[in-house]
Amino acid sequence: MPLPQEFHDIAARVNNWGRWGADDEIGTLNLITDEVVRAAAATVRSGRRVPLALPLRQDGVQTGMIPGRVNPLHTMTAINQEIFGPGTVATSDDAVTMGLQAATHWDGLTHVSHSGRLYNNRPADAVTAHAGATALGIEKATPITSRGVLLDVARAHGTDLLPGGHAVTPEDLDAAEELAGTTVRAGDIVLVRTGQLRHYLAGDRQAYAFPSPGLSLRTPEWFHARDVAAVANDTLTFEIFPPEIEDLWMPVHALHLVEMGMLQGQNWNLEELAAVCAEEGRYGFFLSAMAEPFVGGSGTPVAPVAVL
């Protein structure tokens, strides 16, 4: 179905085109300033480090539901090979074929388009078969290090796992922010926990994929009002799936990536982080989530680390 008027109304309210100039290619990453990073570094107290990435493995989260998004295929190209002759040092090498968004990843600004446009009014045909993203490629992303804030929506609801049909609302984010005891501020990276990844960690890939809780169409305005730099969560599709409005597919992707210029991440493992934050009674931390600079990429694998 065509995008409804409700979508276009929200798009007009969250649009960042031209905010950082007509040539801008990084969107809300502009909000991660030197001052923001210094403040983020000041959140480190214990030095406790929590990894947030899933292992890259052939039996990963992808089930074939998303065409072309293959789990990592790992191949050895050399095994203890004495390439400089007998008795010399031997080497082993390997190669991987995978979808850039196969596991824990960032969606780049060319991952979706709507109405023929990409972020900052770039034409959608800036993405080509041979060069990939000729503008707004993931390699343009500046260093993604900032204060991270965990909004544990599942815990705010008194559960380990939100039901599959739960659309995370601004009210849910408010409740999780209150639970966190901190205020989301400009330049923060927000991590939204639904608990959905528990299905995958328990070995049920199908239950992880569908149906899934996720972000509601109403939430982009919440992130825009707070000048959030990027958002990630612990689901395959990021937004609620199937969609909350029948036949309106991926509207939150379009609002974040196209209108706001805001990266979004999926398949982040927030389970250990949720336990650590609850134990320490604080939900703000230093977050490093650097994008691998694949030239022309519409997304990138990432191995985020939260430092408390």
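Residues numbered from 1 in each chain as written. Predicted model: local features only at pLDDT ≥ 70, side-chain atom pairs only at ≥ 80, totals over all residues. Heavy atoms only, no water.

Asker: Describe the sheet that holds strand β17 (residues 305-307), with residues and values.
Answerer: Ordered by their spatial adjacency, nine strands build an open sheet running β1-β17-β15-β9-β11-β13-β14-β4-β16, and the pairing between neighbours is mixed. Of all the strands in the sheet, the pair left with one neighbour each is β1 (49-51) and β16 (299-301). The average angle at which neighbouring strand axes cross in this sheet is 25°, direction not considered. Across the face of the sheet, helix α8 (residues 251-260) comes into contact with β4 (105-107) and β14 (263-266) while running at roughly 135° to β14. (Pairing = 2+ DSSP bridges. Helix = DSSP H or I, 4+ residues; strand = E, 2+ residues; numbered from the N terminus. Axes fitted to C-alpha atoms, helices over the stretch in contact; angles between N-to-C directions. Contact = heavy atoms within 4.5 Å.)

Asker: Got a sec to walk through α8? Specific residues and values, please.
Answerer: Within α8, ten of the ten residues are buried, leaving the element largely enclosed by the surrounding structure. Among the residues making up α8, those that are buried are P251, V252, H253, A254, L255, H256, L257, V258, E259 and M260. For α8, the elements touching its buried residues are α1 (5-14), β4, β5 (117-118), β12 (214-215), α7 (219-225) and β14. Following α8 by one or two positions, G261 has its phi on the positive side, about 70°. (Buried < 20%, exposed > 50% of the residue type's maximum accessible area, 1.4 Å probe, protein only.)

Asker: Would you mind going over the packing of aromatic side chains in detail, with residue names and values included?
Answerer: In this structure the tally under the stated criterion is five aromatic pairs. Centre to centre, the rings of W106 and W268 are 5.0 Å apart; their planes meet at 65°, and the pair counts as edge-to-face. In this pair, W106 sits in strand β4 while W268 sits in the loop between β14 and α9 (271-280), placing the two residues 162 residues apart along the sequence. In this structure, W106 and W268 share a single accessibility class: buried. Judged by centre distance (6.0 Å) and plane angle (45°), the rings of Y200 and Y208 are tilted. Each of the two residues, Y200 as well as Y208, counts as buried. (Phe/Tyr/Trp six-rings, centres within 6.5 Å; stacked < 30°, edge-to-face > 60°.)

No statement about biological role is implied by the geometric values presented.
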